[in-house]
Amino acid sequence: MSEHPAQQPYWSDAGFETRAIHAGYEPDPSTGAVIPPIYATSTYKQDGVGGLRGGYEYSRSANPTRTALEGALAAVEGGTHGFAFASGLAAEDTLVRALCGPGQHAVIPDDAYGGTFRLFDKVEQVWGLVHSPAAVSDVDAVRAAIRPGETRLVWVETPTNPLLGIGDIEALAAVAHDAGALLVVDNTFASPYLQQPLALGADVVVHSTTKYVGGHSDVVGGALVVRDDDLADRIRFHQNAMGAVAGPFDAWLTLRGLKTLAVRMDRHCDNAERIVAHLLDHPAVEQVIYPGLPDHPGHEVAARQMKRFGGMVSFRVKGGEAAALAVCERTHVFTLGESLGGVESLIEHPGRMTHASVAGTDLEVPADLVRLSVGIESVEDLVADLDQALSAALPR
Ligand SMILES: *Cc1c(COP(=O)(O)O)cnc(C)c1O
């Protein structure tokens, strides 16, 4: 590795999988441990007053297990600074307060993740930050929602949930920057393996690492990644001042998940593609929604900015809400539940479950909609499971 300058780690220009496995941690010099220990410690011995070892003072400010995860997250997103939080929403709240102040404005997706909408609407708004919704798939609508001089953030999710709308990150970054605003991309649905928002012009990447990054439905966490030192300083200050950090065990689980992200995502995509092809031909299915389909309105943009089209699939069932509910209740391999991105397949009815809170608003989702988080089980079993569940929806 001699061609690398001493301060550049050997993985800095390595491939995605190499960075996901090696970035952020060198085998422990005292033991050679290949995997970072779970540093279950709140405080650190100082070598004389202020004589910190490696900068560690108190675990809200920094903890070595969290440092390993934060380095790896920065490396896989093509950023320079990563920050790990107790949840995706904790990351979002810290970001908003680090970058905005009362009297400012944010543009948010009109179909934002429900918890993100609630955070802006019920928490940040009380604190004085106003927001307006816009469809992220419509660049002109986002531009029109910007209030020159007031808008500080343009917030984008792509793909969106549960209708899998696509926002053009490069175009939206230009629109935000023209107005002196920052572009924030929630990259939870795509994961860094499929989509690299910073390279497309985004200023901040947000993750619920609870989903694909963790990948095993065993930990709740969130992350922010940037590549600007000034933004990083503000976030670091607020991460410590607000204190919503990832604990060492949560950081360790998330780092463990991240190492296999690439192979998991490829299988999520393989299985999703097979299921999409099968559902397209199914007599009980009204419509299949997947950005990989050429007739999806965001297909062209998704093909440009995503490596593949992901593991989330939505479809509308013939026979309305009753049929959609029957399908959700009859699967066995697909577990009925909220969340997404784990190795196990999940099925849910957005209208009654994840999106129940937007019923009766502009954000309401179709009652016959079913959302799948396609896992990495044997795809034949997934297809057969959907078939037997859909037979309940077929008119007799
Ligand atoms: C789950 C999710 C969040 C919130 O993350 P938590 O870890 O549940 O706090 C934010 N954005 C998206 C797209 C999500 O799916």
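Treat the numbers as computed from the prediction; the structure is a model and nothing was measured. Chains are numbered independently. Their residues run from 1 in the order of the written sequence. Local features in a predicted model are, by the rule used here, given only for residues with pLDDT of at least 70; side-chain atom pairs are given and counted only at 80 or more, and totals for whole chains, interfaces and linings are based on all residues. For the side-chain quantities, the full set of heavy atoms in the structure was used; hydrogens and water were omitted.

1. Overview of the pairing of strand β1 (residues 81–85)
Inference 1: Accessibility here uses a 1.4 Å probe with only protein chains present; expressed as a share of the type maximum, an area under 20% marks a residue as buried, one over 50% as exposed, and anything in between as partly exposed. Going along the chain from the N terminus, every DSSP run of H or I of four or more residues is numbered as a helix, and every run of E of two or more is numbered as a strand. Taking burial as the measure, the 5 residues of β1 include 5 buried ones, the bulk of the element.
Inference 2: Burial of β1 is two-sided: the residues His81, Phe83 and Phe85 facing one way and the residues Gly82 and Ala84 facing the other way are all buried.
Inference 3: Pairing between two strands is assigned when DSSP locates at least 2 bridges connecting them. Taken together, the 5 bridges between β1 and strand β7 (residues 222–226) define a ladder with antiparallel strand orientation. When the bridges of β7 are listed, Gly82 appears paired with Val225.

2. Here we look at the pattern of salt bridges
Inference 1: Salt-bridge detection follows one rule: a side-chain nitrogen of Lys or Arg within 4 Å of a carboxyl oxygen of Asp or Glu. The final tally for this structure, using the stated rule, is 17 salt bridges.
Inference 2: The shortest N-O distance in the salt bridge between Glu348 and Arg371 comes to 3.2 Å. In this pair, Glu348 is assigned in strand β11 (residues 346–348) and Arg371 in strand β12 (residues 369–373), connecting sequence segments 23 residues apart.
Inference 3: Residue classification places Glu348 among the buried positions, given a relative accessible area of 1%.

3. Thoughts on the UniProt feature "modified residue: N6-(pyridoxal phosphate)lysine" (unreviewed entry) in the protein chain
Inference 1: UniProt positions are given in the numbering used here, feature names are shortened, and annotations may be inferred rather than shown by experiment. On the UniProt side, "modified residue: N6-(pyridoxal phosphate)lysine" (unreviewed entry) is annotated at positions that read Lys211 here.
Inference 2: Residue placement: Lys211 occurs in the loop between β6 (204–208) and β7.
Inference 3: We call two residues in contact whenever any of their non-hydrogen atoms come within 4.5 Å of each other. Setting aside residues no more than four positions away along its own chain, Lys211 makes contact with Tyr113, Thr188, Ser339, Leu340 and Gly341.

4. Considering the sheet that holds β7
Inference 1: With mixed pairing, the 7 strands of this open sheet are ordered in space as β1-β7-β6-β5-β4-β2-β3. In the strand order of this sheet, the two ends are held by β1 and β3 (130–134), each with one partner. Within this sheet the neighbouring strands show an average axis-to-axis angle of 20°, counted without direction.
Inference 2: Pairing between strand β2 (residues 105–109) and β3: 5 bridges, direction parallel. Within the sheet, the bridge partner assigned to Ile108 lies in β3 and is Pro133.
Inference 3: Contacting β4 (151–157) and β5 (182–186), helix α6 (residues 169–178) crosses the sheet at an angle of about 150° to β5. To get an axis, fit a line to the C-alpha atoms, keeping to the stretch in contact for a helix; angles then go from 0 to 180 degrees between the N-to-C directions.

5. Side note on the site of the ligand
Inference 1: Within the structure, the ligand sits among Ser87, Gly88, Leu89, Glu92, Tyr113, Asp186, Thr188, Phe189, Ser208, Thr210, Lys211 and Gly221.
Inference 2: We define a polar contact as two N or O atoms separated by no more than 3.5 Å, with the added condition that, inside protein, one atom must be a possible hydrogen donor and the other a possible acceptor, whereas residues neighbouring each other in sequence contribute only through side-chain atom pairs. Between Asp186 and the ligand, the recorded distance is 2.7 Å, taken from a side-chain N or O atom to a nitrogen atom.
Inference 3: In this structure, Thr210 approaches the ligand through a side-chain N or O atom, which is 2.8 Å from an oxygen atom.
Inference 4: Surface exposure here means Shrake-Rupley accessible area, sampled with a 1.4 Å probe, where a residue is shielded only by the protein chains that are shown. Bound to the protein, the ligand loses 92% of the 380 Å² it would expose on its own. For this purpose, a residue is taken to be near a molecule or strand whenever a single non-hydrogen atom of the residue falls within 4 Å of it.

6. Notes on the packing of aromatic side chains
Inference 1: Stacked, tilted and edge-to-face are the three classes applied to pairs of Phe, Tyr and Trp rings, where Trp contributes its six-membered ring and a pair requires centres within 6.5 Å; stacked means planes under 30 degrees apart, edge-to-face means over 60, and tilted covers the rest. In total, this model carries 5 aromatic pairs according to the counting rule given.
Inference 2: Relative to Tyr56, the ring of Tyr44 has its centre 5.5 Å away and its plane inclined at 35°; by these criteria the two rings are tilted. With Tyr44 in the loop between α1 (16–22) and α2 (64–76) and Tyr56 in the loop between α1 and α2, the pair connects residues that are 12 residues apart, well separated along the chain. Summarising the burial analysis for this pair, Tyr44 and Tyr56 share the class buried.

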